[in-house]
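Structural overview for review
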Amino acid sequence: MSAPTLTAVQPLRIGPHVSPTPVVLAPMAGITNTAYRQLCREHGEGFYVSEMVTSRALVERHAETMRLVTFTASERPRSLQLYGVDPTTVAAAVRMVVEDDLADHVDLNFGCPVPKVTRKGGGSALPWKAELFRSIVRGAVAEASRGGIPLTVKMRKGIDDDHLTYLQAGKAAEQEGAAAVALHGRTASQHYSGQADWEAIARLKETVTTIPVLGNGDVWSAEDALEMVRRTGCDGVVVGRGCLGRPWLFADLEAGFAGREDRVKPGLRQVAQVLRRHAELLVEFYGDELRGCRDIRKHVSWYLKGYPVGGDVRARLGLVDTLEALDELLDSLDLDLPYPGAAAEGSRGRAGSPQARVALPEGWLDDQELTGPAAEMIRQAELSVSGG
Ligand SMILES: Cc1cc2nc3c(=O)[nH]c(=O)nc-3n(C[C@H](O)[C@H](O)[C@H](O)COP(=O)(O)O)c2cc1C
């Protein structure tokens, strides 16, 4: 299939930062640590966002959270995602980012659908409380702007089809000074099931007119990214699961947006080299070989998707505990195997079924104001564990 053509692709501007390729690596808990961000960035231009860090854990300087906010010298701009439900705590966290010079861009997470988060009114549940959402964004923008740092918002369409929030929240974020808004075209209730609704991204683009609108959901290839921009008019694409086990997707995206048709079609040797480098970067990130090797295990099946590698080696790669053992296993593969084509492409990562009912605080949907017990709960609901 030839690449869909676009008349002109504009660079993506987030505050003072510009990427000629309008692409953002989506924050993914347990994935987009400095090791993976670095690896992706080596393949192409864009914004590369950290996994979510909770405001409370940051303010309290939890050791694991402080590790998650590390960026290497080659990572510029540094994009950090924060999660929070209480305006005071979120503002304090952004103040700390500015005062300690931890990042060059802060993204706020209003898209997380996991019950642990929505049950406390956080993530994708939060924009329903319109004034609370607005005051979190307002406070965060005020603190970020003191350091000249742009503040962006990432959200879902809403809680479910009867409680859509994205147009109202997008407009509010724009009015409160956000530098961009990103929309994952699913509701919390959909979780990762079905198809992302790109039509909603187009609606948001019509509604939010003065800052970039970024589209997210089901971009598995450069062709998908170009198609999303063509169909929605969005100013950039946010890519999550599509790059799992294939950080070279960012090279394809760069080529695609530059109007080129070349795509990375790695043989197994090249895949093994990138997997090895990923493991090495993880070991560096953790400062611990075993932890780094444990972490690479979950990436193995994504890297090998579509390559005819036997179940036995896959299983052993899934238990690897030293770089030496990893090298031995990779060397045992038939590294001359060529790129397998379509089998290596397409969807990967989380899918699953819709949630019948989104876990929410009691009475959350009764109205869009934050009143009564919910208000007190929000004050106490800050999660203290980062990374999802
Ligand atoms: C493993 C995993 C972890 C995620 N963690 C986060 C997160 O920390 N913050 C966030 O805003 N979204 C998170 N997401 C959602 C993604 O950023 C993205 O919105 C979603 O995967 C849809 O994009 P995709 O279809 O390109 O994957 C996560 C998704 C996955 C699959």
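Residues numbered from 1 in each chain as written. Predicted model: local features only at pLDDT ≥ 70, side-chain atom pairs only at ≥ 80, totals over all residues.

Take the domain arrangement of the chain next. By domain assignment, the chain separates into domain 1 (12-263) and domain 2 (268-341). Computed from C-alpha coordinates alone, the two centres of domain 1 and domain 2 are separated by 29 Å. Contact residues are listed per partner, giving nine residues for domain 1 and eleven residues for domain 2. Class assignment of the residues belonging to the side of domain 1 that touches domain 2 gives a composition of five nonpolar, four polar and no charged. (Domains from an automatic or database assignment. Contact = placed C-beta atoms within 7 Å. Nonpolar A, V, L, I, M, F, W, Y, C, P; charged D, E, K, R; others polar.)

Next up on the list: the pairing of strand E9 (residues 180-187). Across the eight residues of E9, eight count as buried, placing the element largely inside the fold. The pairing of strand E7 (residues 151-160) with E9 spans six bridges and is classified as parallel. The partner of Met-155 across the bridge, within E9, is Leu-183. Pairing of E9 with strand E10 (residues 213-216) involves four bridges; the strand directions are parallel. Its bridge partner being in E10, Ala-182 is matched across the sheet by Leu-214. Note on the crossover from E9 through helix H8 (residues 198-207) to E10: the handedness is right-handed. (Buried ≥ 20, exposed ≤ 12 C-beta atoms within 10 Å, placed from the backbone. Helix = DSSP H or I, 4+ residues; strand = E, 2+ residues; numbered from the N terminus. Pairing = 2+ DSSP bridges. Right-handed = clockwise from strand over helix to strand, strands pointing away.)

With respect to the helices and strands, Tyr-307 occurs in the loop between helix H12 (289-303) and helix H13 (311-317). Separated by 37 residues in the primary sequence, Tyr-307 and Ala-344 place their C-alpha atoms 6.9 Å from one another. Setting aside residues up to four positions removed in sequence, Tyr-307 forms contacts with Leu-268, Val-271, Leu-337, Pro-340 and Ala-344.

Per the UniProt record, "active site" (unreviewed entry) is found at Cys-112. Note on placement: Cys-112 falls in the loop between strand E6 (105-110) and helix H5 (115-118). Discounting residues that sit within four places of it in the chain, Cys-112 has contacts with Tyr-83, Val-117, Gly-122, Gly-123 and Ser-124. (UniProt positions renumbered as here; feature names shortened; annotations may be inferred.)

Taken together, 25 residues lie around the ligand, and Ala-26, Met-28, Met-52, Gly-240 and Arg-241 are the ones closest in. Of the residues belonging to the shell around the ligand, the class tally is nine nonpolar, eleven polar and five charged. (Near = placed C-beta within 6 Å.)

Before going further, it helps to spend a moment on the UniProt feature "binding site: FMN" (unreviewed entry) in the chain. Residues annotated by UniProt as "binding site: FMN" (unreviewed entry) correspond here to Pro-27, Met-28, Ala-29, Gln-81, Lys-154, His-184, Gly-240 and Arg-241. As for its placement among the helices and strands, Gln-81 is situated in strand E5 (residues 79-83). Of the residues examined, Gln-81 has 25 C-beta atoms within 10 Å and is grouped as buried. Along the polypeptide, Arg-241 turns up in the loop between strand E11 (236-239) and helix H10 (249-257). Beyond its immediate stretch of four places on either side in the chain, Arg-241 contacts Arg-348, Gly-349 and Arg-350.

What follows is about H10. Residues lying three or four places apart along an α-helix face the same way, a consequence of the helix completing one turn every 3.6 residues. Across the nine residues that make up H10, a large majority, seven, are buried. All buried positions along H10 are accounted for by Leu-249, Phe-250, Ala-251, Asp-252, Leu-253, Gly-256 and Phe-257. Summarising the contacts, the buried residues of H10 are in contact with strand E3 (23-25), helix H1 (34-41), helix H9 (222-232) and E11.

Turning our attention to the packing of helix H11 (residues 268-286) against helix H14 (residues 323-331). As a packed pair, H11 and H14 sit with axes 11 Å apart at the nearest point and diverge in direction by 175°. Considering the angle they form, H11 stands roughly antiparallel to H14. Contacts between H11 and H14 involve Ala-272, Arg-276, Ala-279, Glu-280 and Val-283 from the first element and Leu-323, Leu-326 and Leu-330 from the second. (Axes fitted to C-alpha atoms, helices over the stretch in contact; angles between N-to-C directions. Parallel < 35°, antiparallel > 145°, perpendicular 65-115°, else oblique.)

Backbone torsion omega between Arg-76 and Pro-77 reads -5°, so that peptide bond is classified as cis. Examined against the element boundaries, Pro-77 turns out to sit in the loop between helix H3 (63-68) and E5. The backbone phi angle of Arg-61 is positive, close to 55°, even though this residue is not glycine. Secondary-structure assignment places Arg-61 in the loop between helix H2 (55-59) and H3. The phi dihedral of His-191 is positive, around 55°, even though this residue is not glycine. Along the chain, the position of His-191 falls in the loop between E9 and H8.

With that settled, consider the environment of Thr-72. Relative to the elements of secondary structure, Thr-72 occurs in the loop between H3 and E5. Residue classification places Thr-72 among the partly exposed positions, given that 15 C-beta atoms sit within 10 Å. In this structure the C-alpha to C-alpha distance between Thr-72 and Leu-330, which are 258 residues apart in sequence, comes to 27 Å.

So, about the pairing of E5. Among the five residues of E5, five are classified as buried, and the element is accordingly described as predominantly covered. Pairing analysis gives four bridges linking strand E4 (residues 47-54) to E5, with the strands arranged parallel. Bridge pairing in E5 links Thr-54 to Tyr-83. Here E5 pairs with E6 via four bridges, running parallel. Across the sheet, residue Leu-82 finds its bridge partner in E6, namely Leu-108. Of the crossover connections in this fold, the one passing from E5 over helix H4 (residues 87-99) to the parallel E6 is right-handed.

Let us look at the environment of Gly-217. Summarising the element assignment, Gly-217 is placed in the loop between E10 and H9. Not counting residues within four places of it along the chain, the set of residues in contact with Gly-217 comprises His-184, Gly-185, Arg-186 and Ala-196.

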